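What follows is each chain in one-letter form.
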Amino acid sequence: MVLRLIPATPKAGVILGGNGESDNPEHTVILSKPFYMGETPITNQLWALTAKDARFASANLPINPSSQYGERFTPENHPVVGINWYQAAKFLFLHSLDNPSVSQSRKNQIWRSNSGFQIADEKLGLILREWILKRVPMDRLPTEAEWEHAARAGTRFGLFDM
């Protein structure tokens, strides 16, 4: 998985919301720090390799979640589909264990405290919160503002919002 550094937003920020929806008013979000985002979506091949990895067997990731949507979604280079937020977060969490900036003793501690990653979905949120608060380097899903900023390639508006 190749990550790319996305720069912080300019002072003007990213405009989110609007579209005439009363429950989602237009507002500006400023991302004060750069962040990393994967250059490409997670493919079926990478997902399956992780799900089959013996180290992560107890994480209970489905090996081929895309198959439930038919053959056209199952090629190895196709983005994985049919996963929920917990499965996506768990996948990224497991990839964080390969991050060289997380010490081996910390990885071992996390492994032991989580029964070899037999993590209940509700417990995963608590673990991720702990890591974020302690600023442990980890792969994670982008926030809505980060996603929009990266997708707009540095512009304030979406391509069709002007």
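The structure presented is a predicted model; accordingly, all values stated were derived computationally and were not measured.

Asker: Please provide a residue-by-residue account of the nonpolar core, values included.
Answerer: Across soluble globular proteins, nonpolar side chains show a tendency to be buried alongside one another. Counting residues in hydrophobic clusters, the biggest one holds ten residues: I42, W47, A51, F56, A59, L61, V80, F91, L92 and L94. For this core, the secondary structure elements donating two or more residues are helix 1 (44-52) and helix 2 (85-96). If one sorts the elements of this core by residue count, helix 2 sits on top with three residues. Apart from residues lying up to four places away in sequence, A51 is in contact with L61, P62 and I63. Counting seven residues, the second-largest nonpolar core is a separate cluster that includes I6, V14, F35 and A145.

Asker: Pulling in residues and values, what's your account of the packing of aromatic side chains?
Answerer: Scanning the entire structure with this criterion turns up two aromatic pairs. Considering the side-chain rings of W47 and F91, the 4.9 Å spacing of their centres and the 10 degrees angle between planes classify their relative orientation as stacked. Here the residue W47 occupies a position in helix 1, and F91 occupies one in helix 2, the gap between them amounting to 44 residues. Note on accessibility: W47 and F91 belong to one class, buried.

Asker: Go over the pairing of strand 4 (residues 35-38), please, and point to the residues and values.
Answerer: Side chains of strand 4 alternate between two faces, with F35 and M37 buried and Y36 and G38 left unburied. Of the pairings in the sheet, the one linking strand 1 (residues 3-6) to strand 4 comprises four bridges and is antiparallel in character. Bridge pairing links R4 to M37 in strand 4.

Asker: Quick rundown of the pattern of salt bridges? Include the residues and the values.
Answerer: A complete count under the given rule lists one salt bridge for this structure. Of the charged contacts in the structure, one is a salt bridge between R4 and E39, with a shortest N-O distance of 2.9 Å. Linking R4 in strand 1 with E39 in the loop between strand 4 and helix 1, this pair joins segments that are 35 residues apart in sequence. We classify E39 as partly exposed; its relative accessible area is 44%.

How each quantity is defined
Residues numbered from 1 in each chain as written. Predicted model: local features only at pLDDT ≥ 70, side-chain atom pairs only at ≥ 80, totals over all residues. Heavy atoms only, no water. Core = buried A, V, L, I, M, F, W, Y, C linked by side-chain atoms within 4.5 Å. Buried < 20%, exposed > 50% of the residue type's maximum accessible area, 1.4 Å probe, protein only. Helix = DSSP H or I, 4+ residues; strand = E, 2+ residues; numbered from the N terminus. Contact = heavy atoms within 4.5 Å. Phe/Tyr/Trp six-rings, centres within 6.5 Å; stacked < 30°, edge-to-face > 60°. Pairing = 2+ DSSP bridges. Salt bridge = Lys/Arg side-chain N within 4 Å of Asp/Glu carboxyl O.

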